[in-house]
Amino acid sequence: MSQGSVPLTSRPEWQALKTHQAELKSTHMRELFSSDPDRASRFFVRGGGLSLDYSRNRMTDDTLAKLMALARECGVPERIEAMFRGDHINVTEKRPALHIALRDTSGAPIHVDGMDIAPEVERTLNRMEQFVDDVLSKRWQGHTGKTFTDVVSIGIGGSFLGPKLVSEALRPYWHGQLKGHYVANIDGTQMAEILRRVNPETTLFLIQSKSFRTQETLENSKVARNWFLNNGGSEDQIAKHFVAVTANTPEAVNFGISEDNIFPMWDWVGGRYSLWSAIGLPVALTIGMENFRALLSGANAMDQHFHTAPLEQNLPVVMAMLGLWYNNFWGAETYTILPYDHYLRSLPAHLQQLDMESNGKSVTQGGEPLTYQSGPVIWGGVGANGQHAFHQLLHQGTRLIPADFIIPLETHNPVASHHVTLFANCLSQSRALMSGKTLDEAKAELKAEGMSDEDIDKLAPHKVIPGNKPSNTLLMDKSTPETVGALIALYEHRTFVQGIIWDVDSFDQWGVELGKQMGKGILDRLTGDAAEGSEVIDSSTASLIQLYRSHHGS
Ligand SMILES: O=P(O)(O)OC[C@H]1O[C@](O)(CO)[C@@H](O)[C@@H]1O
């Protein structure tokens, strides 16, 4: 164990929470609210421009104190320091995790193995700025001298989800000169659909891959290059249309990208934390560098808050510990993210990678099997749409699913009375989840409608809503570069804090490697290129391969 020799679940702080949960189990949140009128003002915290109402949780002051005692016992304050200091908190890959350095524009030194990385970060930002300026001011043009109209970003995972989310979230900030497109999947349809809509003379391609080894990205990039060459472009004009962001310059050069067109990445930035680096270029190209810098400064405000606020008033820490409370003490298996803002519709997908790739682990940092649950299944969808789809299960299903409601106080698009209605929907959902409807209330309602007693007895049980379902409500003034930056940084730190308690390495992702390794062998079998004596595979995979091959006449 890296956090003392006593197993996590045997520590007094863990045991105290277990006992406390047993005591709190039969208390409905309705009672907590009626016996404690100040609850909403006490269980409220602000940080980095965001506000959190967390009063609708199965908790009391005592719960909070006990959760924070566990956080202290597990060394959360020390590990936060270690992150900001640049320690090798990614233990299995022996690296720091320094995405915070990408948004620290104070110029203060940040050391990686004794070397100050702040100047390199600043240099890269300045290069991005120059590039964005060259493209927007038309100094950098397509090979026939035409102005760029489209930018196609090719990348997957963290090299796709974060930039796509931010680009959508900041739609009101698009300057309109360039249209952004994102290709991730090795599904020709995605690439084909985009190439059908863009012009080879006016399209800029960004190849986004930290490793420059990711199959999907490399195959899509080859398709883009061939399309360019088959549609009027030539080899020596590739430099005008293809730019890469990678930590693997030799491979990018091998691919045919000019060294001058390569923006750096560093091994101290994890893929799912990389949107703040040059991986954010497609965003910077569509919203301008000033807004991109504002995004970084919003994230930095959240970093400062996370670094300095006491645990009890620390937004990421409070959210992390509440999530852990349900995950480890109430048996919640999943966690839902409910943005009530069309611009934030891709937030659940981004947080899915962030959280599930970070904390989907089953051994401690020291390699011991976990004896408790680690990260939950993260899912979600935009409100109010979800209310007419999956919220039914949140209200009346048998599972406990904690929820984060996220909504700006002000909209960019004041259409009719939509925003106030959306806001009302958001509040009524969290209130309904909390309070529910008792059998007596259901019966009284039906009685008032004039229903017979016999019918009431049959129908009323179906109208009971248990309530006592926990949720957080996260507010921001408006979806701006600053608040969107702060919001994403908040969830990054929330993920990190949970990983500290579970004692997992939140910055590696070995689990995704096996599928990648096996993919090559299976592809060879599908195409008939498998070497004699290839590894024996299971009968299910073999018969599916056979099915595919016979469908294609081979
Ligand atoms: O940027 P790269 O190296 O192409 O990797 C893309 C993604 O692949 C993963 O390794 C998972 O397969 C992610 O962690 C990463 O964001």
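Residues numbered from 1 in each chain as written. Predicted model: local features only at pLDDT ≥ 70, side-chain atom pairs only at ≥ 80, totals over all residues. Heavy atoms only, no water.

### Things to note about the sheet that holds strand E12 (residues 403-408)
Sheet architecture is open: six strands sit in the order E1-E2-E13-E12-E10-E11, paired in mixed fashion. Across the chains shown, the open sheet's two edge strands, defined by having one partner strand only, are strand E1 (44-47) and strand E11 (377-380). Between one strand axis and the next, the sheet turns through 20° on average, direction left out of account. With six bridges joining them, E12 and strand E13 (residues 471-476) adopt parallel strand pairing. Paired with Phe 405 across the two strands is Thr 473, which belongs to E13. Each of strand E10 (334-339), E11 and E12 touches helix H16 (residues 347-359); the most contacted strand, E11, lies at about 175° to it. (Pairing = 2+ DSSP bridges. Helix = DSSP H or I, 4+ residues; strand = E, 2+ residues; numbered from the N terminus. Axes fitted to C-alpha atoms, helices over the stretch in contact; angles between N-to-C directions. Contact = heavy atoms within 4.5 Å.)

### What about the site of the ligand?
Taken together, 14 residues form the shell around the ligand, and within it Ser 159, Ser 209, Ser 211, Thr 214 and Glu 357 come nearest. Between the ligand and Lys 210, the relevant distance is 2.8 Å, taken from an oxygen atom to a main-chain nitrogen or oxygen of the residue. Alone, the ligand offers 400 Å² of accessible surface; in the complex the protein occludes 87% of this. By residue class, the composition of the shell around the ligand is two nonpolar, nine polar and three charged. (Near = heavy atom within 4 Å. Polar contact = N/O pair within 3.5 Å; in protein donor to acceptor, adjacent residues only side chain to side chain. Areas by Shrake-Rupley, 256 points an atom, 1.4 Å probe, with all protein chains shown as cover. Nonpolar A, V, L, I, M, F, W, Y, C, P; charged D, E, K, R; others polar.)

### What about the side chain of Arg 58?
Among the structural elements, Arg 58 can be located in the loop between strand E2 (50-53) and helix H4 (61-73). Here Arg 58 is buried and forms no salt bridge, its nearest opposite-charge partner Glu 31 lying at an N-O distance of 11 Å. For Arg 58, the contacting residues outside a window of four places in its chain are Leu 24, Met 29, Thr 63, Trp 325, Tyr 326, Trp 330, Leu 400, Asn 468 and Pro 470. (Buried < 20%, exposed > 50% of the residue type's maximum accessible area, 1.4 Å probe, protein only. Lys, Arg positive; Asp, Glu negative; His and termini not counted. Salt bridge = Lys/Arg side-chain N within 4 Å of Asp/Glu carboxyl O.)

### Things to note about the nonpolar core
Judged by nonpolar contacts, the single largest core of 115 residues is most densely connected at Phe 131, Trp 268, Met 321, Leu 474 and Tyr 491. With twelve residues, helix H21 (residues 481-502) is the largest single contributor of residues to this core. Split by domain, this core shows at least three residues from each of two domains, domain 1 (8-73 + 309-435 + 469-502) and domain 2 (99-295). Grouped together as the second largest cluster of nonpolar side chains are 21 residues, Leu 195, Val 198, Leu 218 and Ile 257 included. (Core = buried A, V, L, I, M, F, W, Y, C linked by side-chain atoms within 4.5 Å. Domains from an automatic or database assignment.)

### A look at the domain arrangement of the protein
Bring the parts together and some accessible area is lost; that lost area is often taken as the interface size. Per the domain assignment, the segments making up the protein are domain 1 (8-73 + 309-435 + 469-502), domain 2 (99-295) and domain 3 (511-551). Distance from the C-alpha centre of domain 2 to the C-alpha centre of domain 3: 33 Å.

### Observations regarding the packing of H16 against H21
One way to put it is that H16 packs onto H21 with a least axis distance of 10 Å and a crossing angle of 25°. Comparing the axis directions of H16 and H21 gives the class roughly parallel. The handedness of the crossing between H16 and H21 comes out as right-handed. Residues Leu 347, His 350, Leu 351, Leu 354, Asp 355, Ser 358 and Asn 359 of H16 lie in contact with H21, whose contacting residues are Leu 487, Ile 488, Tyr 491, Glu 492, Arg 494, Thr 495, Gln 498, Gly 499 and Trp 502. Here the residues of the contact of H16 with H21 are counted per class, giving seven nonpolar, six polar and three charged. (Parallel < 35°, antiparallel > 145°, perpendicular 65-115°, else oblique. Left-handed = near helix turned anticlockwise from the far one by under 90°.)

### What about the sheet that holds strand E7 (residues 203-208)?
Taken together, five strands build an open sheet; the order of strands is E6-E5-E7-E8-E9 and the sheet is parallel. Bordering the open sheet on either side are strand E6 (179-183) and strand E9 (262-264), each of which pairs with just one other strand. On average, each strand axis in the sheet is tilted by 20° relative to the strand beside it, whichever way the strands run. Sheet topology note: the E7/strand E8 (residues 242-246) ladder contains four bridges and is parallel. By the bridge assignment for E8, Phe 205 is matched with Phe 242. Across the sheet, helix H7 (residues 118-136) is in contact with E7, E8 and E9; its angle to E9 comes to roughly 150°. Contacting strand E5 (150-154), E6, E7 and E8, helix H10 (residues 215-230) runs over the sheet at an angle of about 160° to E7.

### Things to note about the confidence of the model for the protein
Of the residues in the protein, 99% reach a pLDDT of 70 or more, and the chain-wide mean stands at 96. Prediction confidence for the complex, expressed as pTM and ipTM, is 0.97 and 0.98 respectively. (pLDDT = per-residue confidence, 0-100.)

### Here's the deal with the UniProt feature "active site" (unreviewed entry) in the protein
Here, the residues flagged by UniProt with the feature "active site" (unreviewed entry) are Glu 357, His 388 and Lys 516. These annotated residues cover 160 residues of sequence, and their C-alpha atoms reach 37.5 Å apart at the extremes, leaving them scattered rather than at a single site. Topologically, Glu 357 is positioned in helix H16. Residue contacts for Glu 357: discarding those within four places in its chain leaves Arg 272, Gln 352, Asp 508, Gln 509 and Val 512. Given the relative accessible area of 73%, His 388 is considered exposed. (UniProt positions renumbered as here; feature names shortened; annotations may be inferred.)

### Thoughts on the packing of helix H1 (residues 12-24) against helix H15 (residues 315-329)
How two helices sit against one another is set out by the angle between their axes and by the gap between those axes. Put simply, H1 and H15 touch, their axes get as near as 11 Å, and they point 80° apart. Overall, the two elements H1 and H15 adopt an arrangement that is roughly perpendicular. Residues Trp 14, Leu 17, Lys 18, His 20, Gln 21 and Leu 24 of H1 lie in contact with H15, whose contacting residues are Trp 325, Asn 328 and Phe 329. For the contact of H1 with H15, the class distribution of residues is five nonpolar, three polar and one charged.

### Some thoughts on the pattern of salt bridges
Across all of its chains, the model carries 31 salt bridges by this definition. Between Glu 73 and Arg 11 there is a salt bridge whose closest N-O contact spans 3.3 Å. Residue Glu 73 is found in helix H4, and its partner Arg 11 is found in the segment before H1; the two are separated by 62 residues along the sequence. With relative accessibility at 33%, the residue Glu 73 sits in the partly exposed group. Between Lys 478 and Glu 410 there is a salt bridge, with its nearest N and O atoms 3.5 Å apart. Of this pair, Lys 478 sits in the loop between E13 and H21 while Glu 410 is found in the loop between E12 and helix H18 (418-435), placing the two residues 68 residues apart along the sequence. By relative accessible area, Glu 410 is classed as partly exposed at 43%.

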